[in-house]
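# What the coordinates show
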Amino acid sequence: GDSVTQMEGPVTLSEEACLTINCTYTATGYPSLFWYVQYPGEGLQLLLKATKADDKGSNKGFEATYRKETTSFHLEKGSVQVSDSAVYFCALNRDDKIIFGKGTRLHILP
Amino acid sequence: DTGVSQDPRHKITKRGQNVTFRCDPISEHNRLYWYRQTLGQGPEFLTYFQNEAQLEKSRLLSDRFSAERPKGSFSTLEIQRTEQGDSAMYLCASSLAQGATGELFFGEGSRLTVL
């Protein structure tokens, strides 16, 4: 069945470092792809999305590009902040449902 | 609107007891989803409603689990004869969009601990 695989955490970086969290997917057809984020003590919220191949989603300095050739949707940010510390989930849609990866915990040190 | 709210936020129960969780979605949203999340895992789909109709249940969902959305507004998730393996965070989400290209809005979850 359809699934999402993302890099295991935790990932620990210093403030202002570059971030990449890898995500690959397995799906029939071309699903929409998402990154959701869960900040400490809060509910999951959508960070960005892309609905077709070569689309780039962006928000809050984060970007991810839908790569059909490599079935990937890697999350990137050029300069992370302490406030970016959270758990990040890669996800795809299938038959009106969102299927999530296991999540990657990110710690940013001041 | 204050977003998706869930109640209770935390429930501790003994094995074999029944528990019920409530979810109040964003008022104009016609779709409501239930997910389960265990430590170190992503949210796992359980079931979803469009208005009052339950459109799909996960094959992983035991017969001890039942969900309702009687008037197309709030929803309840009941677990009968709880087992220790039911311990998890139960997440509710709602959306407006037809199809899953739209955004899901999540509540903060109801954490269940079965002793």
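Throughout what follows, the structure given in this document is the object of discussion. The structure displayed is predicted, hence computed values, not measured ones.

Attention shifts here to the interface of chain A and chain B. Taken together, the contact between chain A and chain B spans 19 residues of the former and 21 residues of the latter. Summed over both partners, the interface of chain A with chain B comes to about 1,600 Å²; 54% of that surface belongs to carbon and sulfur atoms. Taken as a group, Leu44, Asp96 and Lys97 of chain A account for 35% of the area that chain A buries against chain B, more than any other trio of residues on that side. Viewed at the interface, chain B and chain A are joined by two salt bridges. Taken together, the links from chain A to chain B amount to six residue pairs in polar contact (both at pLDDT 80 or more). When residues of the side of chain A that touches chain B are traced back to their parent elements, those giving at least two are strand E5 (33-38), strand E6 (45-50), strand E10 (86-94) and strand E11 (97-100) of chain A. Its residues assigned to classes, the side of chain A that touches chain B shows seven nonpolar, six polar and six charged.

Turning next to the packing of aromatic side chains. All names here are of chain A. Evaluated as defined, the whole model comprises 15 aromatic pairs over all chains. Ring centres 6.0 Å apart and planes at 75 degrees place the aromatic pair Tyr25 and Tyr66 in the edge-to-face group. Taken as a pair, Tyr25 in strand E4 (residues 23-26) and Tyr66 in the loop between strand E8 (62-65) and strand E9 (75-77) lie far apart in primary sequence, 41 residues in all. For the pair Tyr25 and Tyr66, one class covers both residues: buried.

Moving on: the sheet that holds strand E8 (residues 75-79) of chain B. Residues and elements named next belong to chain B. Ordered in space as E1-E3-E8-E7, the four strands form an open sheet in which the pairing is antiparallel. Unpaired on one side and paired on the other, strand E1 (5-7) and strand E7 (65-68) mark the two borders of the sheet. Direction aside, the axes of adjacent strands within the sheet are offset by 15 degrees on average. Note that E7 and E8 share four bridges and pair antiparallel. Across the sheet, the residue bridging to Phe65 is Ile79, located in E8.

As a further point, take the sheet that holds strand E3 (residues 19-21) of chain A. Residue and element names in this part refer to chain A. Taken in spatial order, the four strands of this open sheet run E3-E9-E8-E7, and their pairing is antiparallel. Every interior strand has two partners, whereas the edge strands, E3 and strand E7 (56-59), have only one. Within this sheet the neighbouring strands show an average axis-to-axis angle of 20 degrees, counted without direction. As judged from the three bridges shared by E8 and E9, these two strands associate in the antiparallel manner. Opposite Ala64, over in E9, you have Leu75 as the bridge partner.

Definitions and limits used
Residues numbered from 1 in each chain as written. Chains lettered and ligands numbered in written order. Predicted model: local features only at pLDDT ≥ 70, side-chain atom pairs only at ≥ 80, totals over all residues. Heavy atoms only, no water. Contact = heavy atoms within 4.5 Å. Buried area = accessible area lost by both parts, 1.4 Å probe. Salt bridge = Lys/Arg side-chain N within 4 Å of Asp/Glu carboxyl O. Polar contact = N/O pair within 3.5 Å; in protein donor to acceptor, adjacent residues only side chain to side chain. Helix = DSSP H or I, 4+ residues; strand = E, 2+ residues; numbered from the N terminus. Nonpolar A, V, L, I, M, F, W, Y, C, P; charged D, E, K, R; others polar. Phe/Tyr/Trp six-rings, centres within 6.5 Å; stacked < 30°, edge-to-face > 60°. Buried < 20%, exposed > 50% of the residue type's maximum accessible area, 1.4 Å probe, protein only. Pairing = 2+ DSSP bridges. Axes fitted to C-alpha atoms, helices over the stretch in contact; angles between N-to-C directions.

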